[in-house]
Amino acid sequence: MKKHFYLFAVLLTGALALTACGGDGDGDDQRTPAPISVGYELPRPKGGSSIVLTHNCKLNNVSGLSGANYTIEWDTEKNSQRWSCYKMFSAVAVKNVSRYYADNDGSLSTSCQYPNDQDLPEQYRFAAGQDPYKYSGYDHGHICPSADRLSTSEANKQTFYITNMQPQFGKRNNIPGFNDKIWASMEGQVRNWLSYFDTLYVCKGGTIDKENQIYEYIFQSSHQKTRVNNKHIPVPRYFFMAVLGRKGSTFKATGFWIDQSTYDSRTSSNTPKSYAVNIARLQQETGIDFFYTLPDDIETQAENVSYSQMIKDWY
């Protein structure tokens, strides 16, 4: 079962309804996470040409738990996602299945490695057989990670939808690149943090809105083995992660901000802590309003924590 929302007004109404139910906006009782709804992980959608899609599925094979796997904002004019957001909690952090593998033939079929998202209206999908990443020189960079969704086969396969990807520099000449090294390390750091919290609310993505934050553009028909400026698929210069942790009734937040175009695993820091920033900094850089469904006083405190206190809280 899947669900999608098309307009910011519809989404805002749903978020307000969730908040009005009490608890933390997810319908829980401040002690145990309730993953079945979209809650604090959701940033304020940009609106305009964007569509917000929430992918639902069975989240745990043992308990039968079902609900929201992850949510994306897809910009129909830029042919790109703006962010993916999702929850992390114990029931989805378990490894019950293996990573999804299929033929990486660029077909975008439902049985290939990177399928078209069937929830995205057909007029906004990439044409069959036209995976824009293939031959582009960029990795299919997962935003909601496969490794965070190994609790069921369905949840894992959904992370391979082309709408959950952004172009990332990968391994070249056996030298780990951005996707293989620091991005993977940041994802691992987020998983490690789960042991200290009841729930993690995560929002991640790459910069597609400001021209000086876009490295270049991939032409939509990348099977021509050509990258053409001012054409489809922006390659983000910067990537970010915004993480909100809840322990009981206490909330803490942190983030990462990194320039993938200057990162070099041989000379750059490979420690996630080196790229840590608070949420206020992320909002300033990206223009995205993270964790906006939090009560205002909690949001202000969590997002504006000093760097020194944030490092103490998280590292």
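Residues numbered from 1 in each chain as written. Predicted model: local features only at pLDDT ≥ 70, side-chain atom pairs only at ≥ 80, totals over all residues. Heavy atoms only, no water.

The helix and strand tally for the protein stands at 7 helices and 12 strands. Burial statistics for the protein: of 315 residues in total, 55% are counted as buried. For the protein, restricting intrachain contacts to residue pairs at least 6 apart in sequence, the fraction spanning at least 24 positions comes to 68%. By element, 48% of the accessible surface of the protein is carried by carbon and sulfur atoms, the whole surface being about 13200 Å². (Helix = DSSP H or I, 4+ residues; strand = E, 2+ residues; numbered from the N terminus. Buried < 20%, exposed > 50% of the residue type's maximum accessible area, 1.4 Å probe, protein only. Contact = heavy atoms within 4.5 Å. Areas by Shrake-Rupley, 256 points an atom, 1.4 Å probe, with all protein chains shown as cover.)

This brings us to the packing of aromatic side chains. For the structure shown, the criterion picks out 18 aromatic pairs. Taken together, a centroid distance of 5.3 Å and an interplanar angle of 65 degrees make the contact between Trp 183 and Phe 239 edge-to-face. Of this pair, Trp 183 sits in helix H4 (residues 182–193) while Phe 239 sits in strand S10 (residues 238–247), placing them 56 residues apart in sequence. Take Trp 183: its relative accessible area is 1%, and that puts it in the buried class. Phe 239 gets classed as buried once you look at its relative accessible area, which sits at 0%. Among the aromatic side chains, those forming a connected cluster through ring pairs are Trp 193, Phe 197, Phe 256, Trp 314 and Tyr 315. (Phe/Tyr/Trp six-rings, centres within 6.5 Å; stacked < 30°, edge-to-face > 60°.)

Turning to helix H6 (residues 296–303), its buried residues are Glu 299, Ala 302 and Glu 303. In a view along the axis of H6, the buried residues occupy a sector of 85 degrees, so they form one face of it. Along H6, exposed side chains directed more than 90 degrees from the buried face belong to Asp 297 and Gln 301. Where H6 is buried, its residues touch S10, strand S11 (250–259) and helix H5 (279–286). (Arc of directions from axis to C-beta.)

The tally for this structure, following the rule as stated, stands at 0 disulfides. Free cysteine: Cys 144, not disulfide-bonded; nearest cysteine sulfur from Cys 85 at 9.2 Å. For Cys 144, a relative accessible area of 0% puts it in the buried group. Its sulfur unpaired, Cys 203 is 5.3 Å from the next cysteine sulfur, which belongs to Cys 85. With relative accessibility at 0%, the residue Cys 203 sits in the buried group. (Disulfide = S-S within 2.5 Å.)

Structurally, Ala 128 can be placed in the loop between helix H2 (90–93) and strand S5 (139–142). On the basis of relative accessibility, which here comes to 71%, the residue Ala 128 falls in the exposed class. Through-space distance from the C-alpha of Ala 128 to that of Pro 115 is 9.6 Å; in sequence the pair is 13 residues apart.

To continue, consider the pattern of salt bridges. Considering all chains together, one arrives at 12 salt bridges under this definition. Here Lys 252 and Asp 313 are joined by a salt bridge, their closest N and O atoms 3.8 Å apart. One end of the pair, Lys 252, is in strand S11; the other, Asp 313, is in helix H7 (residues 307–314), and 61 residues separate them in sequence. Of the residues examined, Asp 313 reaches a relative accessible area of 27% and is grouped as partly exposed. (Salt bridge = Lys/Arg side-chain N within 4 Å of Asp/Glu carboxyl O.)

Turning our attention to the pairing of strand S3 (residues 66–75). For S3, a buried count of 9 out of 10 residues is recorded, marking the element as mostly surrounded by other parts of the structure. Where strand S2 (residues 50–58) and S3 come together, 9 bridges link them in antiparallel fashion. Of the residues in S3, the one forming a bridge with Val 52 is Glu 73. Hairpin connection of S3 to strand S4 (residues 80–88): 4 residues between the antiparallel strands, including Asn 79 at a positive phi of 55 degrees. (Pairing = 2+ DSSP bridges.)

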